[in-house]
Amino acid sequence: MRIEGTHTLHAPRDRVWALLDDPQSLARCTPGMQELRPLGPEEFEAVLSIGIAAVRGTYKGKLRITERTPPERYAVQVEGTSGAGFVRAVGLLELVDRGPQTEVRWSGDVQVGGALTIGSRMIPGIARMLAGQFFQCLDEQLRNA
Amino acid sequence: MKPPVFEYCDPTTVEEAVDCLAERGEAAKVLAGGQSLLPLLNLRLARPDCLVDINRLDELDYLHEEAGWLRVGARVRQRRVEESEEVARRVPLLAEAVRYVGHPQIRNRGTVCGSLAHADPAAELPGVAVALGARLLVRSRLGTREIPAEQFFTGQLTTALRPDELLVEAQFPVFPAGWGWAFVEVTNRHGDYALCGVAAGVYVEDRRVRDVRLAYVGAGPTPVRLREVELAAVEDFRVAGEEARARLSPDGDLHASAEFRRHLAAVLTGRALRRAFERATGGEPHA
């Protein structure tokens, strides 16, 4: 499943990049993030609790940065498993310079397996909602900094 | 395929039920017919700490018309609505759409209010509620409030219900003579959730379309009524279909691409409108 979206953040690109490059702010803004532990400079182990309404699961997984071009783009690979199945995704994040603002374009290709497949038709909507929460949180941090 | 451990509340009155909900908050989930919740529990996609079973709430087992509204209590099974002559006569859109909910076995257990509270984006009954302008009556310890259907559905599987609130009744308005209604949908297999579904109402006077109501399911995170499409449909059914295609932005998934869903929305808009027109006029096809 391919999912994509764009968000506008109210800060210049360098500041947005610095925030996205900081594991702490990522952990703070990722919805449901319970733990984020660095395994190396480009690899993290994470525990996430995500879902909607009562349909919620705790996922353990790894996040690897596969490409990093400051301050323009980075690509990540995510793998997670829970009691209900697995999620694998590759994602790309691009920052477009808009002067005092930055446009973030994100896209991902998501695969799910196990019982989660049953809910697959909801995944694009959930991803969009979570991405919205994530970027809104980043934007608040940028405005308040 | 067994659910995780949960606490079980077995109230016999609405008061006890809302007490259970108030005490447990987000950790509790209401069990009505269980046709969505139990599979989610068994697959462990949902893990509520507590189930509040409302199957013993006899006081919510009513289906009757009062002052121009059909009132459906939270214990009423879909099958009862399907078999009711009163519903077929007074709220024909609900009677038609309920037959698309799963299969007879599912409708024997599943409830109308349960389907509304679950708020699956592709489910039929939320679309009916939005098309008709239904009202949802919810109770908590703090009292009762009424939520218009269009404000009730807030996202996929998400409603305006607070964790301490129980949906006790759905109220569907009875429309005057002159209105005709139709529900149409496309699924991969009979009984599946709709890839796209349309609920349509057409009001005809002197053989001319005077008013239209249209709601879509499976074409976004919630069922949605599109006023611009309704206005277009008063003039021209075909234009309305194109308007729907342009205004909806469904997601693509394993079952259907976004483009295919938009195509379905356009085609089904015309189909639903023509059928509703025929019913409004007693069989006269739309010119």
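Bear in mind the structure is a predicted one, so any value in this text is a computation, not a measurement.

Helix and strand counts for chain B stand at 12 helices and 14 strands. In summary, chain B has a C-alpha radius of gyration of 19 Å against a globular reference of 19 Å for 287 residues, a match within 12%. Overall size of chain B, expressed as C-alpha extent along the three principal axes, is 60 × 45 × 30 Å. A buried classification covers 55% of the 287 residues belonging to chain B. Here the contacts in chain B between residues at least 6 apart in sequence split such that 62% fall between residues at least 24 apart. Just so you have it, chain B exposes about 12,700 Å², and 47% of that area is on carbon and sulfur atoms. Positive and negative side-chain charges of chain B, numbering 37 and 42 respectively, have mean locations separated by a distance of 3 Å.

It is worth spelling out the interface of chain A and chain B at this point. Where the parts come together, the accessible area they lose is often given as the size of the interface. Listed as interface residues are 18 residues of chain A and, on the opposing side, 18 residues of chain B. Surface buried jointly by chain A and chain B totals about 1,600 Å² across both partners, of which 63% is contributed by carbon and sulfur atoms. Summed over the shared surface of chain A and chain B, the result is 2 salt bridges. As a salt-bridge pair, Arg128 of chain A and Asp251 of chain B come within 2.1 Å of each other at their nearest N and O atoms.

In this section: the sheet that holds strand S10 (residues 166–173) of chain B. Residues and elements named next belong to chain B. Pairing within the open sheet is antiparallel, and its 5 strands lie in the order S4-S5-S10-S6-S7. One side of each edge strand has no neighbouring strand; the edge strands of this open sheet are strand S4 (63–66) and strand S7 (143–148). Strand after strand, the sheet turns through a mean of 25° between neighbouring axes, direction not considered. Here S4 pairs with strand S5 (residues 69–73) via 4 bridges, running antiparallel. Within S5, the position partnered with Glu66 by the bridge is Trp69. Each of strand S6 (135–140) and S10 is contacted by helix H1 (residues 14–24), which is oriented at about 120° to S10, the strand it contacts most.

Residues and elements named next belong to chain B. Among the residues of helix H11 (residues 237–247), those classed as buried are Phe237, Ala240, Gly241 and Ala244. When H11 is viewed along its axis, its buried side chains cluster within an angular range of 100° and face the same direction. Residues Arg238 and Ala246 are exposed on H11 and point more than 90 degrees away from its buried face. Of the residues flanking the start of H11, the one acting as N-cap is Asp236, its side-chain oxygen 2.8 Å from the backbone nitrogen of Arg238.

Cut-offs applied
- Just so you know, the residues in each chain are numbered from 1, in the order the chain's sequence is written.
- Chains and ligands are labelled sequentially in the order written, the chains with letters from A and the ligands with numbers from 1.
- For this predicted model, a pLDDT threshold of at least 70 governs which residues receive local features, and a threshold of 80 or more governs which side-chain atom pairs are given and counted, while totals over whole chains, interfaces and linings are taken from all residues.
- Only hydrogens and water are removed before side-chain values are computed, so all heavy atoms of the structure are retained for them.
- Secondary structure counts use DSSP, requiring at least four H or I residues in a row for a helix and at least two E residues in a row for a strand, with both numbered from the N terminus.
- The globule rule used for comparison is 2.2 Å times the number of residues to the exponent 0.38, while the radius of gyration itself is calculated over C-alpha atoms.
- In this scheme, a residue with accessible area under 20% of its type's maximum is buried, one over 50% is exposed, and one in between is partly exposed, where area comes from a 1.4 Å probe on protein chains only.
- Residue contacts follow a heavy-atom distance rule, with two residues in contact if any of their heavy atoms lie within 4.5 Å.
- Each accessible area is a Shrake-Rupley result for a 1.4 Å probe, and residues are judged covered by the shown protein chains and nothing else.
- Within this scheme the basic residues Lys and Arg register as positive and the acidic residues Asp and Glu register as negative, but His and the chain ends are omitted.
- In plain terms, the charge of a residue is placed at NZ if it is Lys, CZ if Arg, CG if Asp and CD if Glu.
- Note on terms: buried area is the combined drop in 1.4 Å-probe accessible area of two parts once they are placed together, counting the loss on both.
- Salt bridges are identified by distance alone: a Lys or Arg side-chain nitrogen within 4 Å of an Asp or Glu carboxyl oxygen.
- Two strands pair if DSSP finds at least two bridges between them.
- Only the contacting stretch of a helix is used when fitting its axis, a line to C-alpha atoms as for every element, and angles between N-to-C directions run 0 to 180 degrees.
- This arc describes the spread of directions from the helix axis toward the C-beta atoms.
- Side-chain atoms alone can form a polar contact between residues adjacent in sequence; in general such a contact is a pair of N or O atoms within 3.5 Å, and within protein one must be able to donate a hydrogen while the other accepts it.

By themselves, these figures tell us nothing about what the structure is for.
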